[in-house]
Amino acid sequence: MQWEALQRVRWVLIGVVLVGASIPWWLWQDPLRWGPLPVYVWYHIGWMVVVTVVFIHFARRWWEPLGTVDGTRGDAD
Amino acid sequence: MAHGAMLTELAIVTGYLLITLVIGVAAFRVTDRGAVSYYLADRSLGTLVLVFTTFATLLSAFTFFGGPNLTFAAGPEWILVMGVMDGVLFAILWYIMGYRQWQFGQQEGYVTIGELLGDQLGSVGLRRLIAAVSIVWLFPYVMLQQMGAGEAIVGLTGGGVPYWVGAFGITIFMIGYVAVAGMRGVAWTDTLQGIVMLGVIWIAVGVVVQAAGGIGALGTTMAVETPEFLALGGGVYTPQWMIGTAVTIAFGVTMFPQINQRFFVARDVQTLKRSFMIWPVMVVLLFVPAFMFGAWGAALGVTVPQGENVIAVVLSAVAPGWFVAVVIAGALAAMMSSSDSMLLSGASYFTRDLIATMRADAFGRLGEAWVGRVGVMIFALAAFGGSLLRPGTLITVGDTAFGGFAQLTLPVLIALYWRRTSARAVIVAVVLTQVGYLGHVFLDPVSVGPMTVFAATYLGWDFALYGMVAGAVLTVVGSMLDPAVDRPTTGNEAFIE
């Protein structure tokens, strides 16, 4: 139970980082371009790849342990 | 517009509608006559269909046309806003809210969120309230689609078909379609439309890149013609606006009936997981080309007349007429696919959460799915009546529907997780935040001493965000003050005590 609560906190923090860094605030008002797109659009594409990788890991390993209502299906994988 | 081009466009639109009708009839043949089959496709949708039906529903023509219009005028930062909104926040809510709702639906057979909350918190009043508020915000949205479709047909025929005939024809088609097809048919055509939309937008980008003289030339042109697009922020894009818009829309759409009901329809956990992983990928595949299209159009110096669509105008400048017709037909179909889903979900809220809770024998010998079909008809015709009035403030009402739904989300989320949640507290929170929100939408700002009440923003942040926080606080504090909470449980320990 204690361990589960710890994992929840860890994943909330990861979620906050994934959301917060979706917009590259440190590039604010920086007129950068690479090829046909502004750099912040390239950043967006790269960040969505990162988000997808984290989501895949979460869905494989943590989906049921942290979110299953019943508790009986939590050990499915 | 040349006569030949008009006939081509009409033929393409008609052909597209006929294809969707065939799909609807096919779906009808494998649908049995019960309500779960009609509203939820027997909780049997697989990943591909679930992803595309949710995505196509999420993207009404408003997104498809409105997004490029915005990036044309203000720069491509909208990609970031929609990215965090649909690719990250919505995906996280898909897990936090959607997976939870799906499990309750599997265990208890719920069809609507009102039904779930009413049963879990033991309050029919709450069930009716959630359904009623949802229907109120849904109504202008259906109206908007009918107005859009009516106007598109006027445009398509150069005024040959009058507005009301177009809007009425679309309404009748939608009623017939939803009545026949149910969720399965809607989901299948959404899948077709989603794939068409993706294909069309990438071809359109290819056409523009070619017309500009290649990728490299396009980049140089943008740097020369619209250098302000290269720097993040500026103009409408303030941090407060970007965050506020992403948060209110992401939380709002989870309570849109047509989105929320999709939380119940997944076949199994694998389907939910795969959909969750695909959101960020879908966002990149669809939004980056669609919204860059608008920004590139501005860089290429295309002039867009007031009130016209950037996608249509830019394409007309660089692509053959028949291709423009395909894009417009696709957009019309997207508009209708969103309306289909809205009508179906609205009807289920109306029949199950309002009508059925008032009279035990409400459905008589007709059966619920057939009463639902009558509900679709009444709802669509009422919305058609509204669309004939063409009230000018409708766009405002439509836009603010996101915020109206967002007011519901946090109290509902708390109720889904916290065992102590009191139905009365949720009712108070929902009523007060809705009244406060409506006040901000419809009343002019008033100065009270040093403060301004009913302002659009406070300290730069959208009033809808303050309403969301207030709803959460009211729910928690109200529940702690309510002594008589003895929550019936589904025999699990997952609730937070």
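Predicted model only: the values in this text are computed from it and were never measured.

Caption draft 1: Representation of the environment of B:Val205 within the structure. Residue and element names in this part refer to chain B. With respect to the element layout, Val205 can be found in helix H8 (residues 163-212). By relative accessible area, Val205 is classed as buried at 7%. With 163 residues separating them along the chain, Val205 and Glu368 place their C-alpha atoms 46 Å apart. For Val205, the contacting residues outside a window of four places in its chain are Pro289, Phe293 and Trp296.

Caption draft 2: Representation of the pattern of salt bridges within the structure. What the rule picks out here adds up to seven salt bridges over all chains. B:Lys273 serves as the salt-bridge partner of A:Glu64, at 3.1 Å between the closest nitrogen and oxygen. Remark: B:Lys273 occurs in helix H12 (residues 269-299) and A:Glu64 occurs in helix H3 (residues 63-67); the pair is interchain, linking two chains. Residue B:Lys273 is classed as buried on the basis of its relative accessible area, which comes to 6%. Across the salt bridge formed by B:Arg184 and B:Asp42, the nearest N and O atoms sit 2.7 Å from each other.

Caption draft 3: Geometry of the packing of H8(B) against helix H13 (residues 310-318) of chain B. Residues and elements named next belong to chain B. Running from amino to carboxyl end, H8 crosses H13 at an angle of 50°, the nearest separation of the two axes being 10 Å. Considered as vectors, H8 and H13 are oriented oblique to each other. Crossing hand, H8 versus H13: left-handed. Every residue of H13 that contacts H8 at Ile201, Ala204, Val207, Val208 and Ala211 is listed here: Ile311, Val314, Leu315 and Val318. Within the contact of H8 with H13, the residues separate by chemical class into nine nonpolar, no polar and no charged.

Cut-offs applied
Residues numbered from 1 in each chain as written. Chains lettered and ligands numbered in written order. Predicted model: local features only at pLDDT ≥ 70, side-chain atom pairs only at ≥ 80, totals over all residues. Heavy atoms only, no water. Helix = DSSP H or I, 4+ residues; strand = E, 2+ residues; numbered from the N terminus. Buried < 20%, exposed > 50% of the residue type's maximum accessible area, 1.4 Å probe, protein only. Contact = heavy atoms within 4.5 Å. Salt bridge = Lys/Arg side-chain N within 4 Å of Asp/Glu carboxyl O. Axes fitted to C-alpha atoms, helices over the stretch in contact; angles between N-to-C directions. Parallel < 35°, antiparallel > 145°, perpendicular 65-115°, else oblique. Left-handed = near helix turned anticlockwise from the far one by under 90°. Nonpolar A, V, L, I, M, F, W, Y, C, P; charged D, E, K, R; others polar.

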